[in-house]
Each structure stands twice: as C-alpha cells, then as structure tokens.
Amino acid sequence: MPVPSASSDVSDVSDSGDPVPSSLWRDRDFRRLWLGQTASQLGEHTGLVVIPLFAVLALDASASQLGALRAMGQAPILLLSLFVGAWVDRWRTRTVMVLTDAGRTFALGAAAVAGLFGLLGLPALFVLAFTVGTLSVFFDVAYQTSLVRLAHRDQLIRGNSALEGSRSAAQIGGPALGGALVSLLSAPIAVASSALFFALSFLSIRRIRRTESTPERPEHPEHQERPERPSRVWRRIHEGLRFVVGDPALRAVCLASAAFQFFFAAVMTVYLLFLPRELHLSGTTVGLALAATGPGALLGSVLAARLPHRFGYGPVLVTAAALGDGVFLCVPALHGSSAVTVAALLAVGFVFGAGGQLVNVAVMAVRQTVTPDGLQGRVAATITFVGMGLSPLGSLLGGFLAEEWGVRTGLLVTAAGMMLSPVVMALSPLARLGRTLPAAR
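Residues numbered from 1 in each chain as written. Predicted model: local features only at pLDDT ≥ 70, side-chain atom pairs only at ≥ 80, totals over all residues. Heavy atoms only, no water.

1. Looking at the overall build of the protein chain
Then comes step 1: Counting secondary structure elements, the protein chain contains 18 helices and zero strands.
Then comes step 2: Summarising the internal contacts of the protein chain: among those between residues at least 6 apart in sequence, 89% fall at separations of at least 24.
Then comes step 3: Carbon and sulfur atoms make up 67% of the accessible area of the protein chain, which amounts to about 17,500 Å² in all. (Helix = DSSP H or I, 4+ residues; strand = E, 2+ residues; numbered from the N terminus. Contact = heavy atoms within 4.5 Å. Areas by Shrake-Rupley, 256 points an atom, 1.4 Å probe, with all protein chains shown as cover.)

Structure below.
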C-alpha cells in the first residue's frame, strides 16, 4: 500500500454518513481518477447503446445477429480477464488506463470516420465491439485496483461509493445520449461522442501525479528487464484463482455474479429487441428507458455508504439483489407505447439500478477488504472472468430464445433466470456478513 504524500491530503476518516470523506475530495489525484473514470464510463454506456441500436434500427439486424454482436463485445472478458489481472498487478494502473483510453478513442474515432463514408456495416461493428471490449477489460481491472493504491483501506467503501456514483451518472447520460444521437442524427456522430468521452478520460487520468507502489519484481537483476515467462504468468494467474477459491465469501461472489451476468446478458439482448419492436418505442425513448437505471444507481451509491454499516453487508446484499433483479419480471406484461408503459419502464430501470448499485459497491468493498494488496488485480480479474465470462453465451442464448420462442416469452424466461443470483447469495456465507468486514488474510 503506498503511503500518501503530504501534499495529497489523504487522511484517516471517521465512520460518518458522508458518501465520500472530504479528505478524498481534497486529494487532486483522486479527483482526476474520479473525473477520468466518469468520462470513461459515460463513453462506455453511450457505446453500449449506440452499437446495438445502430445494428437494430439502421441495419435491421436479426435477434441472432444482435446476440452475436453483443457476444463479440463481451468475449474479451472470457478470453483475457485472467491474463489482464496478472499483468495489471505488475503495472501501474495509471499507465494501463491511459493506454486503453487512447486505444478506445482511436478505435471509435476510426469507426466514426468509416461511418461517414458508408463503411460502418455489420462486419465493421463486430470488429469495433471486440476491440473496444478488449480495451475495456484492461481499463476495468486497472480502475478497480487503482483506488487501493490511492486511499487507505477504511476509505474504500466511501471511495468506491464515489466511483460507482460516477458510473451511475454515466448510466443516466450515456444511454439517453446514445439513443438520441442514433435516432435524431446518425450513427457516426453517436460513435464519435463515445470517442470524445474516452479522450477526456485520457486527459484526466494522465494528470495523476502520485507514484504507485507495485509488487516487487523478481529478486535477480538479470530478470528484471525481461518479459515475464509464460510459466511465471500462469503461476501468478493460479495464485489469484487459488485465493478466490479458498475464500468462502469471494467464492460466493463469483457464483452469484456468474448467475447474474449470464442471464442479464440474455435479458439485455431480448430487451433491446423488445423495446423498439414489441413496444414500438423510438430510439430516444429506448435511450431514456435504459438511462432510468442511472438515477436509481445514484441512489444506490448513496445508500451503499450507509446501509451496510446499519443493517449488515449480508442482509443488504441479498435484499438488494432480490429487489433489483426481480423487478424485470414485470416487463413482459407491458404492451404498447403509452405514457403508462414508458413510466413503468422508467420505474423498473430505477429499482434495478438502485438494487444493482447497492450490490456492486458492497461486493467491491468485500473483495478489496479481504484481498492482500499484491493480489488485488488478479482477484478482480478472476471474479470478472468467472462472473462475466459467461456473458457472451448469455447474449447468444437471449438471441436464440427471442428468435425461437418470441421476444416476450424470451424476456420472461431470461428475467426469471436472474433470480438465481440472490438465491445463491442467500445460501452462501455472504448472507451472514455483519456490519464490519473481515480483514485480509
């Protein structure tokens, strides 16, 4: 754990109800991380709507094609997460985030130019989704590790609340902006907006000045400048896997996350078909419906700094997951594009966002608290790999069910599947966590 410099003004804080301790906000490097992560998340959430909507509305993609497109964007999680975790533990997170922001800016900028010349077809969207997904894996693992190197452990829950709150703001603006741009202007302009957000993230994060401490290199000088041998990388990956498997709480996080992410990927594939084709909503209204998760997630971020200390982490995790996931079971009953339907969709998104954010912040605090500093990147990557590695298969399942059983039935089945996640939590050691978290072992 790096020792903060005197100028950084990071100090121990009391267990107050403030979402973020003021000492963190006075720390310029934390503000730069927060701003960069906010811009990055805004670019990501804009892109998550722009690319699928462009495929559905402009290219008339089928259900199976949309499922395959979403799977392409999620495949890097399955293919690369474990390796990325091993690498990030050896690198400075600032360097990783800056390079990935630059890469995503270039990829999306090139796609926007291609779109202006009429070359942004479905094959190009597949390539774009895979490229951006690959770079996002690096960024997400690095940013989940960066706070541990910038703040004290007793500031993690509130620091995470701030970072997750910025992600909530991105969930508000990103989908609405993406849907509006695709509907009112053009896909190239919508893609370019994502590139601009990643460029802003690049400019902010590169200004972080604090020198991070990373795990020491091998003791023998002759090996210090050489790339790590494959066997050494695999050994480091195995250390992360073994730690997660050996910790009951982290093992439960993996199982619950895997169940949720698999069925959530399936739900979102069907949902992106259900809104424009079954309910006949415009791109702008689809964006607003998706953006409704943002205000809910913002509330969830605020509550996450208070509720676990009052009621215990276990009860909050199980209750929030059950409410947030269960609300999607109401969506297949909706018909038409009336104001009542739109209001119901906004309510569903709000509850889902609030419950999901409570779970996200609490789970991240559990992971960061029980994990030693030298394993943070590998543990984050292992949980990402197990939790989100099945997302591509979930997207394919959603496309298959929508095509074979119909969009409405497919949505009902996949939404019911999401309830497996809170069941796993309720039957695991996570449900027994109290108001304080165990220390790293």
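Still to come is the rest of the account.
2. Thoughts on the pattern of salt bridges
Then comes step 1: Here the structure, examined in full by the defined rule, presents three salt bridges.
Then comes step 2: Taking the shortest distance from any N to any O, the salt bridge between Arg104 and Asp101 comes out at 3.0 Å. Here Arg104 pairs with Asp101, and both are found in helix α4 (residues 93–116), just three residues apart, close to one helical turn.
Then comes step 3: In this structure Arg104 comes out as buried when scored by relative accessible area, which is 0%.
Then comes step 4: For Asp101, a relative accessible area of 0% translates into the label buried.
Then comes step 5: Measuring nitrogen to oxygen at the nearest pair gives 3.6 Å for the salt bridge that ties Glu278 to Arg408. On the criterion of sequence distance, the pair formed by Glu278 in helix α9 (residues 248–278) and Arg408 in helix α17 (residues 407–417) is long-range, its members being 130 residues apart.
Then comes step 6: By relative accessible area, which is 31% here, Glu278 ends up partly exposed. (Salt bridge = Lys/Arg side-chain N within 4 Å of Asp/Glu carboxyl O. Buried < 20%, exposed > 50% of the residue type's maximum accessible area, 1.4 Å probe, protein only.)

3. Quick look at the packing of helix α13 (residues 313–326) against helix α14 (residues 339–370)
Then comes step 1: One can describe the packing of α13 onto α14 by two numbers: an axis separation of 8 Å at closest approach and a directional angle of 145°. Handedness of the crossing formed by α13 with α14: left-handed. Side by side, α13 and α14 meet where Tyr313, Val316, Leu317, Ala320, Ala321, Leu323, Gly324 and Asp325 of the first sit next to Val351, Phe352, Gly355, Leu358, Val359, Ala362, Val363, Ala365 and Val366 of the second.
Then comes step 2: Among the residues forming the contact of α13 with α14, the class breakdown is 14 nonpolar, two polar and one charged. (Axes fitted to C-alpha atoms, helices over the stretch in contact; angles between N-to-C directions. Left-handed = near helix turned anticlockwise from the far one by under 90°. Nonpolar A, V, L, I, M, F, W, Y, C, P; charged D, E, K, R; others polar.)

4. Considering helix α15 (residues 376–388)
Then comes step 1: Along its 13 residues, α15 runs 18 Å from first to last C-alpha, staying within 8% of the 18 Å computed at 1.5 Å per residue.
Then comes step 2: With respect to burial, α15 is a largely interior element, ten of its 13 residues being buried.
Then comes step 3: Here α15 has its buried residues at Gln376, Gly377, Arg378, Val379, Ala380, Ala381, Thr382, Ile383, Thr384 and Gly387. (Expected span 1.5 Å × (residues − 1).)

5. Here we look at the packing of aromatic side chains
Then comes step 1: Enumeration over the complete set of coordinates arrives at six aromatic pairs.
Then comes step 2: Taking 6.3 Å as the distance between ring centres and 25° as the angle between the ring planes, the aromatic pair formed by Phe260 and Phe352 counts as stacked. In this pair, Phe260 is assigned in helix α9 and Phe352 in helix α14, connecting sequence segments 92 residues apart. Each member of the pair, Phe260 as well as Phe352, is classed as buried.
Then comes step 3: Their ring planes at 20° and their centres at 5.4 Å tell us that Phe264 and Phe352 sit as a pair that is stacked. Taken together, the positions of Phe264 in helix α9 and Phe352 in helix α14 put the pair 88 residues apart, joining distant regions of the chain. Across the pair, exposure class does not vary: Phe264 and Phe352 are buried alike.
Then comes step 4: Above the ring of Phe139, the side-chain terminus of Arg104 is found at 4.7 Å from the ring centroid. (Phe/Tyr/Trp six-rings, centres within 6.5 Å; stacked < 30°, edge-to-face > 60°. Lys NZ or Arg CZ within 6 Å of the ring centre and 35° of its normal.)

6. Considering a positive patch on the surface
Then comes step 1: On the surface, Arg28, Arg31, Arg206, Arg207 and Arg209 cluster together to form a positively charged patch.
Then comes step 2: Along the chain, Arg31 turns up in helix α2 (residues 28–58). (Patch = residues over 30% accessible without salt bridge, like charges linked within 9 Å, V, L, I, M, F, W, Y side chains within 5 Å. Lys, Arg positive; Asp, Glu negative; His and termini not counted. Charge placed at Lys NZ, Arg CZ, Asp CG, Glu CD.)

7. Some words on the environment of Ala354
Then comes step 1: Within the fold, Ala354 resides in helix α14.
Then comes step 2: In this structure the C-alpha to C-alpha distance between Ala354 and Gly324, which are 30 residues apart in sequence, comes to 7.0 Å.
Then comes step 3: Sequence-distant contacts of Ala354, that is, excluding residues within four places in its chain, are made with Gly296, Ala297 and Gly300.

8. Describing unusual backbone geometry
Then comes step 1: In this structure, His280 takes a positive phi of about 60° despite not being glycine.
Then comes step 2: Inspection of the secondary structure puts His280 in the loop between α9 and α10 (283–291).
Then comes step 3: A relative accessible area of 58% means that His280 is categorised as exposed.

9. Concerning the environment of Ser201
Then comes step 1: Mapped onto the elements, Ser201 comes out in helix α7 (residues 187–205).
Then comes step 2: Under the relative-accessibility criterion, Ser201 is labelled buried at 0%.
Then comes step 3: A sequence separation of 104 residues divides Ser201 from Met97, and the C-alpha atoms of the two residues are 8.7 Å apart.
Then comes step 4: Look past the residues within four positions of Ser201 in its chain and what remains in contact with it is Gly36, Gln37, Ala39, Ser40, Asp101 and Phe139.

10. So, the packing of α9 against α17
Then comes step 1: Closest axis-to-axis distance for the α9/α17 pair is 9 Å, and the angle between their directions is 150°. Put simply, α9 runs roughly antiparallel to α17. Note on packing geometry: the crossing formed by α9 with α17 is left-handed. When α9 is examined against α17, the residues Phe263, Ala266, Val267, Val270, Tyr271, Leu273, Phe274 and Glu278 are found in contact with a partner set consisting of Val407, Arg408, Gly410, Leu411, Thr414, Ala415 and Gly417.
Then comes step 2: Grouping the constituent residues of the contact of α9 with α17 by class yields ten nonpolar, three polar and two charged. (Parallel < 35°, antiparallel > 145°, perpendicular 65-115°, else oblique.)

11. So, the nonpolar core
Then comes step 1: One finds Leu125, Tyr271, Leu275, Phe328, Val331 and Leu345 to be the most contacted residues of the largest nonpolar core, which totals 58 residues.
Then comes step 2: The dominant element in this core, judged by the number of residues it contributes, is α9, at twelve residues.
Then comes step 3: Beyond its immediate sequence surroundings of up to four residues, Leu125 is in contact with Ile51, Phe54, Ala55, Leu59, Leu69 and Leu120. (Core = buried A, V, L, I, M, F, W, Y, C linked by side-chain atoms within 4.5 Å.)

Scope: geometric values only; no functional claims are made or implied.
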